[in-house]
Amino acid sequence: MISVNCSPEVKEDDLARILKEIRKDEMGGWMELPRKIDMGEFVRIKEAAKKIRDESEYLVCIGIGGSYLGHKAIIEALRPTSETKIIYAGNSLSRRELDMALAEVGDHDFSVNVISKSGTTLEPAIAFSEFKKKLIEKYGEEGAYQRVYATTDAKKGALHDEAVANKYERFVVPDNIGGRYSVLTAVGLLPLAVAGVDVDKLLEGAAEATDIVVEPASKYAFMRYELGKKGYDTEVFASFEPATMYFNEWLKQLFGESEGKNKQGIFPASVIYSTDLHSLGQFMQDGRRNLYETIIDFPTDKLNAKVVQAVRVAHTEGGIPVLNITVSDFNEKGFGELIYFFELSCAISAKLFGVNPFDQPGVEAYKNELKKLMAEE
């Protein structure tokens, strides 16, 4: 169960209109996903995960942005046990990082899960090319292609066509769910299942959330909107568990890419306390008052709980609006609920700011400039 500590004015007519708009949006498929998951594909995901665990010491997950942040966040937080280690590639253009990933795999048995809607995004395309070569060198073409799992468009795109031609096992990135909302699709479920996460419990938590988080999610969204209109243009997500660092990274993409349009939105930042109290604590306590803090209060030990309480009091007295999101369970069900809570909050909040929560036109500007520079070489 998730609760929030704020009491904004939630305009019920506006909320009803927004929820209707989200459900009807061509990219709103995530809203009903937990209760309408394709069970045939879900069974195949679990079968593929078992096959990968049986034959591979490593699974290399290749993807960028929403294609890796969500499932990495859950794996890092829950730290499940699996003899197959998950490593990541294709989330930067650093040759050094790619070489380190190739070296870590070394001569171990491995499989690859390449995750890309189009197959043409530069970072994962380069990494996939390198790991595909390594697979072929080790297993031959036929054996290599049996170790490639492509999560991509159902009908079109470069990766889809390659997967069909080479008979990779394929899973679908749904047309009506964007990357940053896709962690509960095959995008996240396959690597999570390989890592040992109980994906049934994860989906169970998300399914239950569809009934119970509308009220807290809308309160949080309306509170963010009120704070934004008062000039609080930066939100600092604060967690007190170091293992949730990548969950914060997923939140930053979710809110930043959904809201940051038409000169609107709230800039998302994050901290891990108590560690960052010794680096950013001075600014938080006594710096500019253009920010507010959202504490994600996971169940924790008694000492950490006292730190949460101390931060809440000190920062409130220091003039920072402090929102508190209390999470009852640090497990698969809890994270399933939390993912749905934030997805819904984010979509509502973006709508309040008058922007489309599901597109990202600004991202294409960098890609287009990079293509021009590469064409000049």
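Residues numbered from 1 in each chain as written. Predicted model: local features only at pLDDT ≥ 70, side-chain atom pairs only at ≥ 80, totals over all residues. Heavy atoms only, no water.

Tallying each qualifying case throughout the model produces 29 salt bridges. Here Glu-55 makes a salt bridge to Lys-51, at a shortest N to O gap of 2.9 Å. Of this pair, Glu-55 and Lys-51 both sit in helix α2 (residues 39-55), four residues apart, which is roughly one turn of that helix. Relative accessible area serves as the criterion here: at 26%, Glu-55 is assigned to the partly exposed category. What makes Lys-51 partly exposed here is its relative accessible area of 33%. The closest approach of N and O atoms between Asp-153 and Lys-156, which form a salt bridge, is 3.5 Å. Look at the salt bridges and you will find they share partners, linking Asp-14, Arg-17, Glu-21 and Lys-351 into a network. (Salt bridge = Lys/Arg side-chain N within 4 Å of Asp/Glu carboxyl O. Helix = DSSP H or I, 4+ residues; strand = E, 2+ residues; numbered from the N terminus. Buried < 20%, exposed > 50% of the residue type's maximum accessible area, 1.4 Å probe, protein only.)

Taken as a whole, this structure holds one cavity of 30 Å³ or more when the rule is applied. If you trace the largest cavity, you find it lined by Phe-240, Glu-241, Ile-296, Asp-297, Phe-298, Thr-300 and Val-308. For the lining of the largest cavity, the residue count by class is four nonpolar, one polar and two charged. (1 Å grid on protein atoms, 1.4 Å probe; cavity = no way out; pocket = protein on both sides within 12 Å on 5 of 7 lines; lining within 4 Å. Points joined across faces, edges and corners; volume = space filled by probe spheres on them. Nonpolar A, V, L, I, M, F, W, Y, C, P; charged D, E, K, R; others polar.)

Okay, the sheet that holds strand β6 (residues 169-172) next. Strand order in the open sheet formed by five strands is β3-β2-β4-β5-β6, and the pairing between neighbours is parallel. Of all strands in the sheet, those bounded by a partner on one side alone are β3 (85-89) and β6. Strand after strand, the sheet turns through a mean of 20° between neighbouring axes, direction not considered. Note that strand β4 (residues 110-115) and strand β5 (residues 148-152) share four bridges and pair parallel. Paired with Val-112 across the bridge in β5 is Val-148. Here helix α4 (residues 95-105) sits on the sheet and contacts β2 (58-62), β3 and β4; the angle it forms with β3, its principal contact strand, is near 155°. Sitting on the sheet, helix α5 (residues 122-145) is in contact with β2, β3, β4 and β5, with an inclination near 140° to β4. (Pairing = 2+ DSSP bridges. Axes fitted to C-alpha atoms, helices over the stretch in contact; angles between N-to-C directions. Contact = heavy atoms within 4.5 Å.)

What follows concerns helix α6 (residues 158-166). The complete set of buried residues in α6 reads Leu-159, His-160 and Ala-163. Each buried residue of α6 lies within a common arc of 105° when the element is viewed along its axis, so the set occupies one face. The inward-facing, buried residues of α6 abut β4, α5, β5 and β6. Positive backbone phi, approximately 60°, marks Lys-167, located one or two places after α6. (Arc of directions from axis to C-beta.)

A few words now on the packing of aromatic side chains. Evaluated as defined, the whole model comprises 24 aromatic pairs. With 6.4 Å between their ring centres and 80° between their planes, Tyr-220 and Phe-255 make a pair best called edge-to-face. With a gap of 35 residues between them, Tyr-220 in helix α9 (residues 214-229) and Phe-255 in helix α10 (residues 245-259) connect regions that are remote in the sequence. With respect to burial, Tyr-220 and Phe-255 carry one shared label: buried. Ring centres 6.2 Å apart and planes at 85° place the aromatic pair Phe-255 and Phe-342 in the edge-to-face group. Here Phe-255, found in helix α10, pairs with Phe-342, found in helix α13 (residues 332-352); they are 87 residues apart in sequence, far enough to count as distant. Residue classification places Phe-342 among the buried residues on the basis of a relative accessible area of 0%. A connected cluster of aromatic rings, assembled from ring pairs, spans Tyr-220, Phe-237, Phe-247, Trp-250, Phe-255, Phe-298, Phe-330, Phe-335, Phe-341 and Phe-342. (Phe/Tyr/Trp six-rings, centres within 6.5 Å; stacked < 30°, edge-to-face > 60°.)

Take the nonpolar core next. Ranked by size, the top nonpolar core spans 82 residues in total, and within it Trp-30, Phe-341, Phe-342 and Ile-348 carry the most contacts. Examining the composition of this core, we find that eleven residues originate from one element, α13, more than from any other. When neighbours within four sequence positions are excluded, Trp-30 is seen to be in contact with Ile-22, Asn-176, Ile-177, Tyr-181, Tyr-340, Glu-343, Leu-344, Ala-347 and Phe-358. Core analysis: the second largest hydrophobic core is formed by 23 residues, Ile-62, Ile-87, Phe-128 and Ala-150 among them. (Core = buried A, V, L, I, M, F, W, Y, C linked by side-chain atoms within 4.5 Å.)

Next up on the list: the side chain of Glu-293. The residue Glu-293 is located in strand β9 (residues 291-297) in this model. One buried charged side chain, Glu-293, makes no salt bridge at all; its nearest oppositely charged neighbour is Arg-312, positioned 8.4 Å away. Residues contacting Glu-293, with those up to four places away along its chain left out, are Val-236, Ala-238, Tyr-273, Met-284, Val-311, His-315, Ile-320, Pro-321, Val-322 and Leu-323. (Lys, Arg positive; Asp, Glu negative; His and termini not counted.)

Here we come to the sheet that holds strand β1 (residues 2-4). Taken in spatial order, the five strands line up as β1-β10-β9-β7-β8 in an open sheet, and their pairing is mixed. Because the sheet does not close on itself, it has two edges, and the strands there are β1 and β8 (267-272). Averaged over neighbouring strand pairs, the angle between their axes works out to 20° when direction is ignored. The strands that α10 touches are β7 (234-239), β8 and β9; relative to β8, the one it contacts most, it runs at about 175°. Here helix α12 (residues 302-317) sits on the sheet and contacts β9 and β10 (322-327); the angle it forms with β9, its principal contact strand, is near 165°.

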